[in-house]
Amino acid sequence: MATHLSSGRVNIAVLREAARRELLDCLDKCVGAKALVWDEQLTGPLGLIAEYSLLKEHEVEKMFPLRTGRLPTSNVRNVIFITRPKLQLMEFVAQNIHKEEELGTYHRKDFHLFFVPRKSLLCEKRLKELGVYGTFSNVDEYNLDILPFDNDLLSTEMEHSFKECFLFNDMTSMYYVAKSLMMIHVADMMLRMRREMAGSEQQIPPQIDALLLIDRNVDFLTPLASQLTYEGLIDEIFGIANSNVKLPPEKFQRQKDGEPSSDISGEPKKFVLNSADELYSVLRDKNFHAVGPELSKKAKLLSAQFEERKDAKTVGEIKQFVSKLPHIQAAKISLANHTSIAELIKENVELDIFMDSLQSQQEFMNGIDTDKINSYIEDCISRKEPLIKVIRLICMQSITNNGFKPKVLEFYKREIIQTYGFEHIITIDNLEKAGLLRPQGQKSYSTIRKSLRLVVEDVNEQNPTDISYVFSGYAPLTVRLAQYLSRPGWRSIEEVLRLLPGPTIEEIQQIPVGLRKKQGPGDNQKVTLVFFLGGVTYAEIAALRFLSQQEDSPSDYIIATTKIINGSTFIKSIMHNLSPDAFGAVPVASSGQSR
């Protein structure tokens, strides 16, 4: 962890505008009608930067996902590949171009390639080996260093950064983090220059007072636990990707005359989840138990607003009501959608499979029976429940017990291999390398838990007074550290900090007198950028927003991360996808041998 002091407030809109402008500059290098061929992992992030209508203004006529085989037919002159620097994707690009050659359309097209965020010598070499590098009119970079997801949320979208750093000792992603921080600084400078050129102020202070960098390995417990906020549960159950979620369509069919609509489509219903949705911005950070009352309150408010039409007598009053009608109708649709989403969540969280898992997690967090083989985990393995769920629980027990006795550790490893397959040996090895599974060592968790008050009894989920509401009684360690940094400072918890992995670094940067923030009456809240290296959960985001909203909070928080994660995506990023076929394994039934 490191703290770097500066001054002021970050402007997310400037970052989004800079990313959009650079994308359009890339497109404008190619004159004429264009087809964009997207790396599918970039479709969501780039959708946050530029909508299709804007791309059409820059002569983009077609958009296709980057896949093997031939490209869909199009009459455009320019084919623009926008892709991450991955060797497998270079194979796809080469196949697309070779298929155009076979069809005889090759000489009627200009091919362009933009790497996101950087070029790769290995990828360029591979394209040369595949015989297509010389066909590109442009090979360039689109420096998308950091993505603005919302007004207070940024991500570099590097899903493998934790694995690369902690398992392979590859710090490339940290270079990109440094670049992204520089991008934030540049955006800050741009904003100040604009204001100064407009004559608003001679000297405008920098926008960030404090930078807190947190390694994910400081707190493994938080991402493994089941999140209990509205947004966190949507992510846990359905998965949020680049602020988008796809949900079962049945709940969202419009009803006519009390009967379900007959135009039922099998396509999932897609929603964009961000603060542009007024109701979602209210609901997302609440504990799920507080969502129902909030929806009921909103329904009554809308009903009252709609009843105002009966009181409208004069032309002016009727006109005023009509002007409000579009907003009321949009709010009504939003309410219906979020009521349906809440129903879907409720169906899942009331299942025994969810409640039993949650009970085990909360026992681990409280340090109950963590030192022996857990009967619930044993039952999950015997029922062959999803391996990711089993690993999450085992790792939570390992962390809260400060590691396992050899007998317990060997039991879990043996059970996983015998039940789920020998190919998971490498996954187990990865978990041990990362420190998620380990032999018993220094008893630090109980000390940290008590000293930082991570477990809170009788938490108020409806009207919370502490960040522990996001897990119904457990406070994320990372956010508690941010809270202590703001007040009373880390000197008050130096003994606890020594128990955390890695060094704790605090550095103060001297700000020129002319750029120091001038404190006015009531203007004593500083801005802290909290950057999570290795991923952040929606529960942690909610907890930081909760701190920002407190009247006596000494700091306002902006969150940046390498990736937004949950327990399943975090474990999945560490797992090794190794098929038994890779070893030419003989099926058990044929070999006559058991594992």
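Conventions adopted
Residues numbered from 1 in each chain as written. Predicted model: local features only at pLDDT ≥ 70, side-chain atom pairs only at ≥ 80, totals over all residues. Heavy atoms only, no water. Pairing = 2+ DSSP bridges. Helix = DSSP H or I, 4+ residues; strand = E, 2+ residues; numbered from the N terminus. Axes fitted to C-alpha atoms, helices over the stretch in contact; angles between N-to-C directions. Contact = heavy atoms within 4.5 Å. Parallel < 35°, antiparallel > 145°, perpendicular 65-115°, else oblique. Left-handed = near helix turned anticlockwise from the far one by under 90°. Nonpolar A, V, L, I, M, F, W, Y, C, P; charged D, E, K, R; others polar. Buried < 20%, exposed > 50% of the residue type's maximum accessible area, 1.4 Å probe, protein only. Arc of directions from axis to C-beta. Expected span 1.5 Å × (residues − 1). Salt bridge = Lys/Arg side-chain N within 4 Å of Asp/Glu carboxyl O. Right-handed = clockwise from strand over helix to strand, strands pointing away.

K.L.:
Can you walk me through the sheet that holds strand β3 (residues 60–65) in this structure?
P.N.:
Sheets are built from strands paired through backbone hydrogen bonds, the pairs being either parallel or antiparallel. Across the sheet, which stays open at both edges, the 5 strands sit in the order β3-β2-β4-β5-β6 with parallel pairing between neighbours. Only two strands of the sheet have a single partner each, and these edge strands are β3 and β6 (136–141). Direction aside, the axes of adjacent strands within the sheet are offset by 20 degrees on average. In terms of strand pairing, strand β2 (residues 34–38) meets strand β4 (residues 78–83) through 5 bridges, oriented parallel. Among the inter-strand pairings, A35 is bridged to a residue of β4, identified as V79. Sheet strands touched by helix α4 (residues 87–103): β2, β4, β5 (110–115) and β6. Its angle to β4, the strand with the most contacts, is close to 165 degrees.

K.L.:
So what exactly am I meant to see when it comes to the packing of helix α14 (residues 375–382) against helix α15 (residues 387–400) here?
P.N.:
Each pair of packed helices can be described by the angle between their axes along with the distance between the axes. Closest axis-to-axis distance for the α14/α15 pair is 10 Å, and the angle between their directions is 160 degrees. As the angle between them shows, α14 and α15 are arranged roughly antiparallel. Two packed elements cross with a definite hand, and for α14 against α15 that hand is left-handed. Contacts from Y376, I377, C380 and I381 in α14 reach K389, V390, L393, I394 and Q397 in α15. When its residues are assigned to classes, the contact of α14 with α15 shows 7 nonpolar, 1 polar and 1 charged.

K.L.:
Teacher, can you tell me more about helix α5 (residues 121–129) here?
P.N.:
Residues spaced three or four apart along an α-helix face the same direction, because each turn holds 3.6 residues. Burial in α5 covers these residues: C123, E124 and L127. Angular distribution of buried residues about the axis of α5 spans 100 degrees; they occupy a single face of the element. Away from its buried face by more than 90 degrees, α5 exposes L121, L122, K128 and E129. Lining the buried residues of α5 we find α4, β5 and β6.

K.L.:
So what exactly am I meant to see when it comes to unusual backbone geometry here?
P.N.:
In terms of backbone geometry, most residues other than glycine have negative phi values and most peptide bonds are trans. Residue P117 is bonded to the preceding V116 through a cis peptide linkage, with omega at 0 degrees. Looking at where P117 falls in the secondary structure, it is placed in the loop between β5 and α5. Of note, the bond from R487 into P488 is cis; its omega dihedral lies within 30 degrees of zero at 10 degrees. Residues other than glycine seldom take positive phi values, yet N402 does so here, at roughly 60 degrees.

K.L.:
Looking at this structure, I do not really get helix α16 (residues 406–420). What am I missing?
P.N.:
Helix length check: α16, at 15 residues, gives a terminal C-alpha distance of 21 Å against a target of 21 Å (1.5 Å per residue), a fit within 8%. Among all positions in α16, only V408, L409, F411, Y412, K413, I416 and Y420 are buried. Buried residues along α16 sit in contact with α14, α15 and α17 (425–434). One or two steps after α16, the chain reaches G421, where phi turns positive at roughly 120 degrees.

K.L.:
Got a minute to help me understand the sheet that holds strand β11 (residues 244–247) in this structure?
P.N.:
Judged by pairing direction, the sheet is antiparallel, and its 3 strands sit side by side in the order β10-β11-β14 without closing on themselves. Looking along the sheet, the strands with just one partner apiece sit at the ends: β10 (240–241) and β14 (269–272). Judged from the 2 bridges that link them, β10 and β11 form a sheet pairing that is antiparallel. Paired with I240 across the two strands is V245, which belongs to β11.

K.L.:
Got a minute to help me understand the pattern of salt bridges in this structure?
P.N.:
Pairs can form between side chains of opposite charge whenever their charged atoms are close. This model, assessed by the stated rule, comprises 34 salt bridges. Its salt-bridge partner being E91, residue R126 comes within 2.8 Å of it at the nearest N-O pair. Placement of R126 in helix α5 and of E91 in helix α4 is noted, with a sequence separation of 35 residues between them. R284 is paired through a salt bridge with D285; the nearest N and O atoms lie 3.8 Å apart. Each member of the pair R284 and D285 is classed as buried. Each of D150, D152, E231, R284, D285 and R545 takes part in one network of salt bridges that share partners.

K.L.:
Sorry if this is basic, but what is going on with the pairing of strand β16 (residues 526–533) here?
P.N.:
Regular strands place their side chains on alternate faces of the sheet. The buried count for β16 comes to 7 of 8 residues, which makes it a mostly enclosed element. Bridge count for strand β9 (residues 208–215) against β16 is 6 bridges, and the pairing is parallel. Counted as the bridge partner of D215 is L533 from β16. The pairing of β16 with strand β17 (residues 555–561) spans 7 bridges and is classified as parallel. Looking across to β17, one finds that F532 is bridged to T561. Chirality of the crossover, the property in question, places the unit of β16, helix α21 (residues 538–549) and β17 among those that are right-handed.

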